[in-house]
Amino acid sequence: MSRGELQGQVNLKCFLDGCPQLKIGLNKDLVIGSKDKSLKSYGNVVYLDKCTFHNSVNLDEFTDKKIISVQPPEGEFSVMTYALEGDFPHGLPFRIYSYIKDDASSRDVELNLKLRCELPGNCQAIDVVAHIPVPSKTTGICQQLSSLNQSAQLMAAEKKIEWRLKKVSNKAEHSASFKLVGAKENKSCLIEIGPIILDFEISGFVCSNLQIQFLRVFDRELSYAPMKWVRYITTSDSYIVKLK
């Protein structure tokens, strides 16, 4: 990985009467902004380069116990935003391997791709889309896909292939072979293939390994039992894979 940057948020959506106090417990081994980068790979430590909190957050218990307190207004807002650069605790969620076959006697080019999902546990990604730039002279494609839940089409105006996968499970591998018809006007046209931009959404997973340990409601006047729901989700912003 030549460059990695992760940006995350802890968002709170609250519809409780009376604006009761909430306490949110984060990882006890959370470290923020330490100069010792080796902590990233030490035990169960969760390392973040930086984070900021909403101005309504009380941090009295944060330093020692990693607990934040807040009296949220009704609606949705961001309790905390954070960033991490460099290597991620779980590594990259996807890897793409490529092979370009160039036949000197043909103007067509064969592009072979394999996508491997490296998510932990039972996590899976949905709506995975690979945007693959192709040479400007490409007039069409012939395709061979490894499974039925895939589709691909040439976006002629944008000179790219969109390779779509509805769902990708942990450790699954999917492959695609594309013949780029009329793509090769000369040898230099091959540099127009790639890089690939990957879009995806992953539920139940965050690359930072930041976890909500508990969510508690404190209200002395109302004796209701609120419904609490914590959801983890990861989406791609700029996930770019260079072809080798």
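The model shown is predicted, which means the values in this text are computed figures rather than measured ones.

1. Quick word on the sheet that holds strand S10 (residues 109–117)
Pairing between the strands of a sheet comes from backbone hydrogen bonds, and it takes one of two forms, parallel or antiparallel. With antiparallel pairing, the four strands of this open sheet are ordered in space as S9-S10-S15-S12. A strand with exactly one partner marks an edge of an open sheet, and here the two such strands are strand S9 (94–102) and strand S12 (140–145). With direction set aside, neighbouring strand axes in the sheet form an average angle of 20°. Sheet topology places S10 next to strand S15 (residues 173–181); eight bridges connect them, and they run antiparallel. The residue bridging Lys114 from the neighbouring strand is Ser175, located in S15.

2. A look at the pattern of salt bridges
Enumeration over the complete set of coordinates arrives at 13 salt bridges. Taking the shortest distance from any N to any O, the salt bridge between Glu61 and Lys23 comes out at 2.8 Å. Residue Glu61 is found in the loop between strand S6 (57–58) and helix H1 (62–65), and its partner Lys23 is found in strand S2 (residues 21–26); the two are separated by 38 residues along the sequence. Given a relative accessible area of 23%, Glu61 falls into the partly exposed group. In this structure, the salt-bridge partner of Lys184 is Asp102, at a minimum N-O distance of 2.6 Å. Of this pair, Lys184 sits in the loop between S15 and strand S16 (196–203) while Asp102 sits in strand S9, and the two are 82 residues apart along the sequence. Taking the relative accessible area as the measure of exposure, Asp102 reaches 27% and is therefore partly exposed. Taken together, the shared-partner salt bridges connect Arg95, Lys114, Arg116, Glu118 and Glu173 into one network.

Cut-offs and rules
- Residues numbered from 1 in each chain as written.
- Predicted model: local features only at pLDDT ≥ 70, side-chain atom pairs only at ≥ 80, totals over all residues.
- Heavy atoms only, no water.
- Pairing = 2+ DSSP bridges.
- Helix = DSSP H or I, 4+ residues; strand = E, 2+ residues; numbered from the N terminus.
- Axes fitted to C-alpha atoms, helices over the stretch in contact; angles between N-to-C directions.
- Salt bridge = Lys/Arg side-chain N within 4 Å of Asp/Glu carboxyl O.
- Buried < 20%, exposed > 50% of the residue type's maximum accessible area, 1.4 Å probe, protein only.

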